[in-house]
Amino acid sequence: MTTAIIGGTGLTDLVGLEIIHKRKMNTPFGETSSPIIHGRYCGQELLFLARHGAGHTIPPHKINYRANLWSLKELHVQQIIAIAAVGSIHPDMHPKDLVIPHQLIDYTYGREHTFFAEGLSEVTHIDFSHPYCESLRQQLSRAAQQLMLPIHTQGTYAATQGPRLETAAEINRLERDGCDIVGMTGMPEAALAKELGLCYASCAVVANYAAGRGSAEISLAEIRETLHEGIEKIRRLLEQWIALETG
Ligand code: HPA
């Protein structure tokens with residue numbers, strides 16, 4: 001099974017990834033965020049794509065999600081582990097914690113969010129009741145348990161538009177809606193993966209308490225600092241997941 005890792009903020013490159021080649025991809029929807037790396041990680045061949053561009057220059061609402069997902073499908077990817085930095089809404093979720101969401105709510109707008117827009121022979125509706133691939137979620141949870149790595153094995157992800165962070169009142173609303181974590185890139189990525197029939201799961205790392213939930217103003221410097229440690233956990237989790245997959 002061919003796997004792709006989509007790296008988010010704090011994971012524009014995967015340390016330890018041995019690069020076999022890099023491929024610049026053009027699609028009917030334009031170019032991907034960055035060249036797609038075909039590499040070897042812990043002995044396993046996989047693809048890696050930096051969602052915000054190799055130099056972390058593309059903001060969440062400008063990412064060409066359609067080109068990214070289309071290219072991965074073209075390269076015969078069957079499953080995707082999407083890494084995402086998030087803010088925590090749920091009181092039990094703290095900076096540096098890992099969360100494997102099981103549900104999401106989409107609050108984004110104005111993004112190119114579907115492949116089923118033009119040239120259709122008939123109107124298409126995909127089933128999106130369960131946005132994440134359950135088998136891949138379970139595998140990631142099992143890998144974390146084997147490592148004794150504390151992890152939240154479910155959570156509802158709120159996808160917000162950005163690039164600004166939320167107001168405290170918006171976060172209160174997201175909580176009333178049932179959201180546990182908030183990020184800006186989960187949609188339309190998950191829906192596009194579903195449209196292409198790809199198995200897609202996300203591993204979120206908590207970068208900060210969401211607006212109005214922590215004691216201090218949220219700064220990018222603080223987010224980066226926190227992510228540094230959180231991402232280290234992601235690397236360990238990926239290594240263990242590969243060991244499970246190939247073992
Ligand atoms: N809100 C939205 N997206 C985020 C946050 C946040 O607090 N932290 C990291 N990504």
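Each value, and the rule that gives it
- Residues numbered from 1 in each chain as written.
- Predicted model: local features only at pLDDT ≥ 70, side-chain atom pairs only at ≥ 80, totals over all residues.
- Heavy atoms only, no water.
- Buried < 20%, exposed > 50% of the residue type's maximum accessible area, 1.4 Å probe, protein only.
- Helix = DSSP H or I, 4+ residues; strand = E, 2+ residues; numbered from the N terminus.
- Pairing = 2+ DSSP bridges.
- Near = heavy atom within 4 Å.
- Polar contact = N/O pair within 3.5 Å; in protein donor to acceptor, adjacent residues only side chain to side chain.
- Areas by Shrake-Rupley, 256 points an atom, 1.4 Å probe, with all protein chains shown as cover.
- Nonpolar A, V, L, I, M, F, W, Y, C, P; charged D, E, K, R; others polar.
- Core = buried A, V, L, I, M, F, W, Y, C linked by side-chain atoms within 4.5 Å.
- Contact = heavy atoms within 4.5 Å.
- Expected span 1.5 Å × (residues − 1).
- Bend = angle between axes of the 7 residues up to and from the residue.
- Disulfide = S-S within 2.5 Å.

Draft legend 1. A look at the pairing of strand β6 (residues 44-50). Counting buried positions along β6 yields six of seven residues, so the element is predominantly enclosed. In terms of strand pairing, strand β1 (residues 3-7) meets β6 through four bridges, oriented parallel. Its bridge partner being in β6, Gly 7 is matched across the sheet by Ala 50. The pairing of strand β5 (residues 36-41) with β6 spans five bridges and is antiparallel. By the bridge assignment, Arg 40 is partnered in β6 with Glu 45. In this structure, the hairpin formed by β5 and β6 is closed by a connection of two residues, where Cys 42 is found at a positive phi of approximately 50°.

Draft legend 2. Region of the structure containing the site of the ligand. Neighbouring the ligand are the residues Ala 85, Val 86, Gly 87, Leu 165, Glu 166, Val 182, Gly 183, Met 184 and Asn 208. At a separation of 2.7 Å, a nitrogen atom of the ligand approaches a polar side-chain atom of Asn 208. Compared with its free state, where it exposes 260 Å², the ligand has 93% of that area covered by protein. Within the residue set of the shell around the ligand, elements represented by two or more residues are β7 (79-88) and β12 (181-183). Among the elements that make up the shell around the ligand, the one with the highest residue count is β7 (three residues). Here the residues of the shell around the ligand sort into five nonpolar, three polar and one charged.

Draft legend 3. Focus on unusual backbone geometry. Geometrically, the link from Gly 162 to Pro 163 is a cis peptide bond, its omega value of -5° lying close to zero. Mapped onto the fold, Pro 163 is located in the loop between β11 (156-159) and α3 (168-177). Omega for the bond connecting Met 187 with Pro 188 falls within 30 degrees of zero, at 10°, which places this linkage in the cis form. Checked against the element boundaries, Pro 188 lands in the loop between β12 and α4 (189-195). Look at Cys 42: it is not a glycine, yet its phi comes out positive at around 50°.

Draft legend 4. Structural context of the pairing of β1. With five of its five residues buried, β1 lies for the most part within the structure. As judged from the four bridges shared by β1 and β7, these two strands associate in the parallel manner. Bridge assignment links Thr 3 to a residue of β7, and that residue is Gln 79.

Draft legend 5. Local environment of the nonpolar core. Core analysis: the biggest nonpolar cluster contains 43 residues, and Phe 48, Ile 81, Ile 83, Leu 98, Leu 174 and Leu 237 have the highest contact counts within it. For this core, the element with the most residues is helix α5 (residues 220-246), which contributes eight residues. Not counting chain neighbours up to four residues away, the residues in contact with Leu 98 comprise Leu 149, Ile 151, His 152, Cys 203, Ala 204, Val 205, Gly 230, Lys 233, Ile 234 and Leu 237. Listed in part, the 33 residues of the second largest apolar core include Ile 6, Tyr 157, Ala 159 and Ala 204.

Draft legend 6. α5, seen in detail. Given a rise of 1.5 Å per residue, 27 residues ought to cover 39 Å, and the 37 Å separating the end C-alpha atoms of α5 matches this to within 8%. Of all the bends found along α5, the most pronounced is centred on His 228 and spans about 30°. Looking only at α5, the buried set comprises Ile 223, Thr 226, Leu 227, Gly 230, Ile 231, Ile 234, Arg 235, Leu 237, Leu 238, Trp 241 and Ile 242.

Draft legend 7. Representation of the state of the cysteines within the structure. Going through the model one piece at a time under the given rule, you end up with one disulfide. Two residues, Cys 133 and Cys 199, share a disulfide whose sulfurs are 2.2 Å apart. Between Cys 133 and Cys 199, the disulfide has an S-S torsion of -85° and is therefore left-handed. In this pair, Cys 133 is assigned in the loop between β9 (103-106) and α2 (134-146) and Cys 199 in strand β13 (residues 199-209), connecting sequence segments 66 residues apart. The same class applies to Cys 133 and to Cys 199, which are both buried. Distance from the sulfur of Cys 179, which forms no disulfide, to the nearest cysteine sulfur (Cys 203) is 18 Å.

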